[in-house]
Amino acid sequence: MDRPHPGAAVAAALEPSGLVLRGWLVAEAGAEPLLANGKPAKAICLIGHLGGGFWPVFSAWWREHPRVSDPLDSWSKAVIEPVAAEAGGQAVFPSDRPWHPFQAWAMKAEALRSSPLGLLIHPEFGLWHGYRGAILFAESALGDRVSAKSAMVGQAFVHPCDVCSDKPCLSACPVGAFSPDGFAVSNCRSYLRTEDGQQGCMASGCLAREACPVGRSHRYSSAQLQFHMASYS
Ligand code: B12
Ligand code: SF4
Ligand code: SF4
């Protein structure tokens, strides 16, 4: 007999952290991530945030652990690893090498699409969301049984960027880092080291991300934006 689906228990266990269960997918045959026992994972449960709801919880934890390295990654592990163990799965994280394809997973779990910036855009939360981990499971039925119910999967989906004729995100970057060839990381990072960059994007967040009109009410706080920019630059 099937064991009870762990989805509801995972979602409930995450609640105090401000993180949310973002969705489920069945691992692609031939591209399954491996479990610690060397066997392929069959179902993947994605965990992340919609808006900055987790920030106050993380900030309080960080004040109590001021010397920890990579604070957001460390907090994510402290939150998600026990939830994964209780659910009978194995936690993996976006910053761990080799990188797991979190964005490719997310496009299957939630039917999201890529924006011209490389970030996935959510119809309600815009560019203001991200991923903090995933739980891998050995049983494919878990993914099947929930992905069929996932809110956006299989429904008519209007990609916000398709109906955004002006695309202000593409003209907002002071060094034109976004082009059809991709994201010029070195142009961006060099600019961030200048006086203008320190007072602009480093202080108030990536101007290209800021220019997007979708989901603006879910924009991160200044403290969160500064934290992400400092970790990225
Ligand atoms: C390497 C990396 C970067 C690199 C290079 C990005 C690149 N050119 O590919 C750098 C350091 C530049 C970067 C920057 C940022 N990143 Co980044 N990054 C990653 C990381 C760790 C690996 C990406 C990867 O190669 N995966 C392996 C391939 C096989 O997986 P994939 O899903 O199939 O690959 C997709 C991406 O590579 C994507 N992609 C291609 N070009 C670009 C360009 C950018 C800017 C991004 C974000 C993605 C992207 O397209 C692929 C197909 O979907 C992921 C986490 C992860 N494990 O995926 C985060 C991730 C993609 N990054 C993320 C974010 C938020 C950012 C930043 C906004 C951080 C910040 N400042 O807040 C910045 C954006 C730049 C800016 N100006 O602010 C988020 C995206 C969330 C979302 N809404 O989609 C992720 C998923 C991390 C997370 N914890 O959620 N990032
Ligand atoms: S500004 Fe328009 S094109 Fe750019 S990310 Fe937002 S919706 Fe998409
Ligand atoms: S952080 Fe600033 S320089 Fe870098 S891509 Fe965004 S707008 Fe351009």
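See the structure printed just above.
Residues numbered from 1 in each chain as written. Chains lettered and ligands numbered in written order. Predicted model: local features only at pLDDT ≥ 70, side-chain atom pairs only at ≥ 80, totals over all residues. Heavy atoms only, no water.

**Here we look at the overall build of the chain**
Move 1: For the chain, the count of helices and strands is ten helices and eight strands.
Move 2: Of all 233 residues assigned to the chain, the portion counted as buried reaches 41%.
Move 3: Sequence separation of at least 24 residues holds for 69% of the intrachain contacts in the chain that already meet a minimum separation of 6. (Helix = DSSP H or I, 4+ residues; strand = E, 2+ residues; numbered from the N terminus. Buried < 20%, exposed > 50% of the residue type's maximum accessible area, 1.4 Å probe, protein only. Contact = heavy atoms within 4.5 Å.)

**Quick notes on the sheet that holds strand 1 (residues 20–26)**
Move 1: On the basis of which strands lie adjacent, the open sheet formed by four strands has the order 1-2-6-3 and antiparallel pairing. The sheet is open, and its two borders are formed by strand 1 and strand 3 (90–92), each paired with just one other strand. Here the strands of the sheet are splayed against their neighbours by 30° on average, with no regard to which way each runs.
Move 2: With three bridges connecting them, strand 3 and strand 6 (residues 129–137) associate as antiparallel partners. Across the sheet, Ala 91 pairs through a bridge with Ile 135, a residue of strand 6.
Move 3: Against the sheet, helix 1 (residues 7–14) touches strand 1, strand 2 (43–50) and strand 6, its axis set at about 150° to strand 1. (Pairing = 2+ DSSP bridges. Axes fitted to C-alpha atoms, helices over the stretch in contact; angles between N-to-C directions.)

**A closer look at the pairing of strand 6**
Move 1: Among the nine residues of strand 6, nine are classified as buried, and the element is accordingly described as predominantly covered.
Move 2: For strand 2 and strand 6, the ladder comprises eight bridges, and the chain directions are antiparallel. Residue Cys 45 lies in a different strand from strand 6, and its bridge partner there is Ile 135.

**Brief notes about the environment of Glu 139**
Move 1: Along the chain, Glu 139 falls in the loop between strand 6 and helix 5 (140–147).
Move 2: Classification of Glu 139 as partly exposed rests on a relative accessible area of 29%.
Move 3: As a C-alpha pair, Glu 139 and Val 68 span 71 residues in sequence and 35 Å in three-dimensional space.

**Some words on the site of ligand 1**
Move 1: With respect to spatial proximity, 25 residues lie near ligand 1, and among them Pro 94, His 100, Gln 103, Leu 120 and Tyr 131 are the closest.
Move 2: The separation between a nitrogen atom of ligand 1 and a polar main-chain atom of His 129 is 3.3 Å.
Move 3: A distance of 3.4 Å is found between an oxygen atom of ligand 1 and a side-chain nitrogen or oxygen belonging to Arg 209.
Move 4: For the shell around ligand 1, the secondary structure elements donating two or more residues are helix 4 (102–109), strand 6, helix 6 (185–192) and helix 10 (222–232).
Move 5: Its residues assigned to classes, the shell around ligand 1 shows 16 nonpolar, six polar and three charged.
Move 6: Three or more residues apiece are contributed to the shell around ligand 1 by two domains, here domain 1 (7–156) and domain 2 (162–232). (Near = heavy atom within 4 Å. Polar contact = N/O pair within 3.5 Å; in protein donor to acceptor, adjacent residues only side chain to side chain. Nonpolar A, V, L, I, M, F, W, Y, C, P; charged D, E, K, R; others polar. Domains from an automatic or database assignment.)

**Focus on the environment of Val 20**
Move 1: Position of Val 20 relative to the elements: it lies in strand 1.
Move 2: You can call Val 20 partly exposed: its relative accessible area is 31%.
Move 3: A C-alpha to C-alpha distance of 31 Å links Val 20 and Ala 177, two positions 157 residues apart in sequence.
Move 4: Contact partners of Val 20, with chain neighbours within four places excluded, come to Leu 14, Leu 46, Ile 47, Gly 48, His 49 and Leu 50.

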